[in-house]
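Tertiary structure, described
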Amino acid sequence: MDDEPSDGVVLLRRLSMDDVDAWLAGEDDEQIRWFGFPGPATRAHVERAIAAWQESWASEGAIRHWGVCVLPARELAGGVELRDLGDGRVNLSYVIFPPYRRRGLATRASRLALNYAAQVLGAASAIIKIIEGNEASLGVARSVGAEMVGHEPTATGGRFVVFCLLLDR
């Protein structure tokens, strides 16, 4: 399977340092709030994140992070990430930048990433943790077929809604 999957509407591709400006431009207060960030990312933060994602790809590490691109122009619309948790499980997370929200892109990107998790990483299940109240992300989890399995506290005193999805291998 290709490590840049596409469904004809979105393409998942590895990020490069050429994407730093677009990533910074895509960040907004909603993203900061739902990811529990202490504030806006700096250029140095984004560069370090992209470098870490590139290193994980190169070393076949635990993280597979893609930029979510809208076809045919390949505009960077957000990101989707798989984190190998061991024992055949991955954690799925996603973000879509403001101009691209409410178009189903997070659902499409998540389906592509989950297929990659099953086919390439051999994952049997995916965990999705969403801060309570983030209705758009809760909708994505439900749209990909995940079922709510409980709640967990966040590091900042909030509460995650935890979903699980069994994957077809």
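Scroll up to find the structure.
Read on for an overview of the structure.

With respect to the packing of aromatic side chains
All told, the structure shown has five aromatic pairs when counted by the stated rule. Aromatic pair Trp 57 and Trp 66: ring centres 5.4 Å apart, planes at 70°, arrangement edge-to-face. With respect to burial, Trp 57 and Trp 66 carry one shared label: buried. Ring geometry for Trp 66 versus Tyr 116: centroids 5.0 Å apart, planes at 85°, classification edge-to-face.

Overview of the sheet that holds strand E7 (residues 159-166)
Across the sheet, seven strands lie side by side as E1-E2-E3-E4-E5-E7-E6; this open sheet has mixed pairing. Each edge of the open sheet is held by one strand with a lone partner, namely strand E1 (10-13) and strand E6 (147-153). Geometrically, the sheet is characterised by an average inter-axis angle of 30° between neighbouring strands, direction not taken into account. Alignment of strand E2 (residues 63-70) against strand E3 (residues 75-86), held across eight bridges, turns out to be antiparallel. Bridge pairing links Ile 63 to Arg 83 in E3. Strand contacts of helix H4 (residues 105-119): E1, E2, E3, strand E4 (89-96), strand E5 (125-131) and E7, with the helix running at about 155° to E4, the strand carrying the most contacts.

Structural notes on the environment of Val 149
Positionally, Val 149 belongs in strand E6. When the C-alpha atoms of Val 149 and Val 161 are compared, they prove to be 8.0 Å apart, with 12 residues separating the residues in sequence. Not counting residues within four places of it along the chain, the set of residues in contact with Val 149 comprises Val 162, Phe 163 and Cys 164.

Some details on the pattern of salt bridges
Summed over all chains, the structure comprises seven salt bridges. The shortest N-O distance in the salt bridge between Arg 43 and Glu 47 comes to 3.4 Å. One end of the pair is Arg 43 and the other is Glu 47, both in helix H3 (residues 43-58) and four residues apart, which spans about a single turn. We note a salt bridge from Glu 152 to Lys 129, for which the minimum N-O separation is 2.8 Å.

Digging into unusual backbone geometry
Residues Leu 71 and Pro 72 are joined by a peptide bond in cis, for which omega reads 5°. Examined against the element boundaries, Pro 72 turns out to sit in the loop between E2 and E3. In this structure, Glu 60 takes a positive phi of about 55° despite not being glycine. At Asp 87, a residue that is not glycine, the phi angle is positive and equals roughly 55°. Relative to the assigned elements, Asp 87 resides in the loop between E3 and E4.

Definitions and limits used
- Residues numbered from 1 in each chain as written.
- Predicted model: local features only at pLDDT ≥ 70, side-chain atom pairs only at ≥ 80, totals over all residues.
- Heavy atoms only, no water.
- Phe/Tyr/Trp six-rings, centres within 6.5 Å; stacked < 30°, edge-to-face > 60°.
- Buried < 20%, exposed > 50% of the residue type's maximum accessible area, 1.4 Å probe, protein only.
- Pairing = 2+ DSSP bridges.
- Helix = DSSP H or I, 4+ residues; strand = E, 2+ residues; numbered from the N terminus.
- Axes fitted to C-alpha atoms, helices over the stretch in contact; angles between N-to-C directions.
- Contact = heavy atoms within 4.5 Å.
- Salt bridge = Lys/Arg side-chain N within 4 Å of Asp/Glu carboxyl O.

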